[in-house]
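Residue-level structural notes
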Amino acid sequence: MMCPPLLRLRGHEKGTATVELALAAPILAVLMMGTADVGTAFSRKLALEQGAQRAVEKVMQTTELEDVQGTIASEVALQADVDESRVAVTFPRYCGTRLMPDVARDANGFADGEDCNAGEQEAHYIMVVVSDEYDPIFPALSLGTKLANGKYLVQAKAGMRTK
């Protein structure tokens, strides 16, 4: 049996909206903070990708460069606003779908190695991988694997077929 004061409150609906808001507000706040954090991280990843793509395109338009790999790395670092040590430039060579090992490079960075089998098409690429660390706005809400310094790794890749 309910006590009389509780029986009187049972029929009242005054203040129910306030109670509902108090229950829903923390959930909505966490969702908004998470969305802001994910948006900022995604924005940084896009900036890295665009920097890598612009640098590859810019370098490929200038053919008189002596050190293609070093020039791409420095250009990506400049465009993506990262340290040059965070940029990896590779020149993979494929025969059909097989990735071929690099043996030697000419002045333009093309790999020379074993010949492709009959019927396989040879393809040369420039691949750029740029990475940066992202410091979340709300670390308690962040998902993923943290680095030792408490930040998260953000990587972007760009490539272009050269031959």
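A look at the pattern of salt bridges
Inspection of the entire model under this criterion finds five salt bridges. Between Asp132 and Arg44 there is a salt bridge, with the nearest N and O atoms lying 2.8 Å from each other. Here Asp132 is found in strand E6 (residues 122–134), whereas its partner Arg44 is found in helix H2 (residues 16–61), with 88 residues between them in sequence. In this structure, Arg93 and Glu122 form a salt bridge, with 3.1 Å as the shortest nitrogen-oxygen distance. Remark: Glu122 occurs in strand E6 and Arg93 occurs in strand E2 (residues 93–95); sequence separation between them is 29 residues.

Some points on unusual backbone geometry
Positioned with a positive phi, Asp81 is a non-glycine residue whose angle comes to about 60°. A residue is classified by how much of its surface remains accessible, and Asp81, at 67% relative accessible area, is exposed.

What to know about the pairing of strand E1 (residues 87–90)
Because side chains alternate across E1, one face comprises the buried residues Val87 and Val89, and the other comprises Ala88 and Thr90, none of which is buried. Note: E1 against E6, four bridges, orientation antiparallel. The residue bridging Ala88 from the neighbouring strand is Val129, located in E6.

Side note on the packing of aromatic side chains
Applying the stated criterion across every chain yields a total of one aromatic pair. Measuring from centroid to centroid gives 5.7 Å for Tyr94 and Tyr125, while their planes differ by 85°, and the two rings are edge-to-face. You can see Tyr94 sitting in strand E2 and its partner Tyr125 sitting in strand E6, a full 31 residues away along the chain. Classification of Tyr125 as partly exposed rests on a relative accessible area of 26%.

What counts as what
Residues numbered from 1 in each chain as written. Predicted model: local features only at pLDDT ≥ 70, side-chain atom pairs only at ≥ 80, totals over all residues. Heavy atoms only, no water. Salt bridge = Lys/Arg side-chain N within 4 Å of Asp/Glu carboxyl O. Helix = DSSP H or I, 4+ residues; strand = E, 2+ residues; numbered from the N terminus. Buried < 20%, exposed > 50% of the residue type's maximum accessible area, 1.4 Å probe, protein only. Pairing = 2+ DSSP bridges. Phe/Tyr/Trp six-rings, centres within 6.5 Å; stacked < 30°, edge-to-face > 60°.

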